[in-house]
Every structure is written in structure tokens, then in C-alpha cells.
Amino acid sequence: MGTETGMSSSARSLTASGLTRSGVVALAVSLGINLLIVFVANAGGIAPQLEALNYGPVTFFTTLGVIGATVTYGLLARFSASPDRLFLIVAAIVLVLSLVPDFTVIPNQPGGSLFAGAILGLMHVTTAVVCVGVLTDRSAGQ
């Protein structure tokens, strides 16, 4: 009992099935929003030759990011007394790092531009916000 008092309610209530369920929700919401962004970008003729702004790569990298976020949150919940706060910090750092190629590499790709990089950056922000919102504060719904 003494070790549990220092743990947050998030860490105590986290189960593998609950984490998996939250990860699936985060993935579904992130993919839905990001694929809608791709649809709008394609309909608007924004960077049609830019491979990174197509359904396949967006689906793959969104899925990879959400899985990484879910595993990271699970590890933080297991080993930290304040996983929500730490996850927010980690997510912010990863988000900033993920934006670097959007504004440095993407504009130099065939069909790329600074605007196309900003659209990809918007997808990174969307996924980060969804993951933080869905994975953290598990006690709020109890």
C-alpha cells in the first residue's frame, strides 16, 4: 500500500487491454483526421507529386507514431509516478523533432514545398494532440 500512494491513479488503473483500447482509439481518430487532410490536400491540388502527402505513407507513419506513443505511455505508466506529465513532455519533444524534416527536407523533395511541409506538420500536431488526449488522464472517466 505504501508504494501505491506515490503512484498516480493513471498508473494504477492502466491495464494492457485498456492501453490497447486507448491506442486503437488514438489510431482511429488520428488516421481519420490525417486521411481527411490528405483528401483535402489532394482535392486542392496541393503537392500532387509529393509522395509523403499520399494515403500510403500517411497511414504508415501515423500508425507508427501512434504505436510508438502508446508503447511509450505504457512504459511511463509502469515505471513513473507521474506518467501523464512525463508523457506530455516526451510528446512535445518528439513533436518538435518531427517537424524539422517537414520544413527542411520536404520543400526540397520532388513536388514538395514549404506549404506541403506545413500540411505534414499539421498532421504531426494532430496526431500528437490526439495521442496525449486519449492516452493520458485515465482516471477522468472513472
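The rules behind each value
- The residue numbering used here restarts from 1 in each chain and proceeds along that chain's sequence as written.
- Only residues with pLDDT of at least 70 are given local features in this predicted model, and only at 80 or more are side-chain atom pairs given and counted; all residues enter the totals for whole chains, interfaces and linings.
- To obtain the side-chain values, all non-hydrogen atoms of the structure were included, while hydrogens and water were left out.
- A residue counts toward a patch only above 30% relative accessible area and without a salt bridge, and it is joined to like-charged neighbours within 9 Å or, for Val, Leu, Ile, Met, Phe, Trp and Tyr, to nonpolar neighbours within 5 Å.
- Only the protein chains shown count as covering a residue, and every accessible area follows the Shrake-Rupley method with a 1.4 Å probe.
- Whenever Lys or Arg places a side-chain nitrogen within 4 Å of a carboxyl oxygen from Asp or Glu, that contact is recorded as a salt bridge.
- Starting at the N terminus, helices and strands are each numbered in turn, a helix being any DSSP run of H or I of at least four residues and a strand any DSSP run of E of at least two.
- UniProt positions are given in the numbering used here, feature names are shortened, and annotations may be inferred rather than shown by experiment.
- Every residue is assigned a pLDDT by the predictor, reflecting its confidence on a scale from 0 to 100.
- Here, two residues are considered to be in contact whenever any of their heavy atoms come within 4.5 Å of each other.
- Think of it this way: a Phe, Tyr or Trp ring, Trp meaning its six-membered ring, pairs with another when their centres are within 6.5 Å, and the plane angle makes it stacked under 30 degrees, edge-to-face over 60, tilted otherwise.
- Exposure classes here rest on a 1.4 Å probe applied to the protein chains alone. A residue is buried below 20% of its type maximum, exposed above 50%, and partly exposed in between.
- Here the expected length of a helix is defined as 1.5 Å per residue gap, with one fewer gap than residues.

## What to know about a nonpolar patch on the surface
Thinking step 1. Taken together, Leu-36, Phe-39, Val-40 and Tyr-55 make up a surface patch of nonpolar side chains, about 410 Å² in accessible area.
Thinking step 2. Per element, the largest residue contribution to the nonpolar patch is 3 residues, and it comes from helix 3 (residues 16-43).
Thinking step 3. Take Leu-36: it is sitting in helix 3.

## With respect to the UniProt feature "transmembrane region" (unreviewed entry) in the chain
Thinking step 1. Mapped onto this structure's residue numbering, the UniProt feature "transmembrane region" (unreviewed entry) falls at residues 24-46, 58-79, 86-106 and 112-135.
Thinking step 2. Between the end C-alpha atoms of residues 58-79 the distance is 31 Å, and the span holds 100% helix and 0% strand.
Thinking step 3. Secondary structure across residues 112-135 divides into 92% helix and 0% strand, with the first and last C-alpha atoms of the span separated by 33 Å.

## Observations concerning the confidence of the model for the chain
Thinking step 1. Taken over all residues, the pLDDT of the chain has a mean of 90, while the share at 70 or more is 87%.
Thinking step 2. Highest mean pLDDT in the chain belongs to helix 6 (residues 114-135) (98); lowest belongs to helix 1 (residues 2-5) (43).
Thinking step 3. Counting contacts from residues 1-11, a segment whose pLDDT is below 50, to residues more than four positions away or on other chains yields 15 contacts.

## Observations regarding the packing of aromatic side chains
Thinking step 1. Within this structure, the stated rule accounts for 2 aromatic pairs.
Thinking step 2. Measuring from centroid to centroid gives 5.0 Å for Phe-60 and Phe-61, while their planes differ by 80°, and the two rings are edge-to-face.
Thinking step 3. Relative to Phe-87, the ring of Tyr-73 has its centre 5.4 Å away and its plane inclined at 85°; by these criteria the two rings are edge-to-face. With a gap of 14 residues between them, Tyr-73 in helix 4 (residues 55-79) and Phe-87 in helix 5 (residues 83-104) connect regions that are remote in the sequence. One exposure class covers both Tyr-73 and Phe-87, and it is buried.

## Description of helix 3
Thinking step 1. Over its 28 residues, helix 3 runs 40 Å from end to end, which matches the ideal 40 Å to within 8%, given 1.5 Å per residue.
Thinking step 2. Taken together, the buried positions of helix 3 are occupied by Gly-18, Leu-19, Ser-22, Gly-23, Ala-26, Ser-30, Leu-31, Asn-34, Ile-37, Val-38 and Ala-41.
Thinking step 3. Check the buried side of helix 3 and you find it contacts helix 4 and helix 6.
Thinking step 4. Following helix 3 by one or two positions, Gly-45 adopts a phi angle in the positive range, close to 70°.

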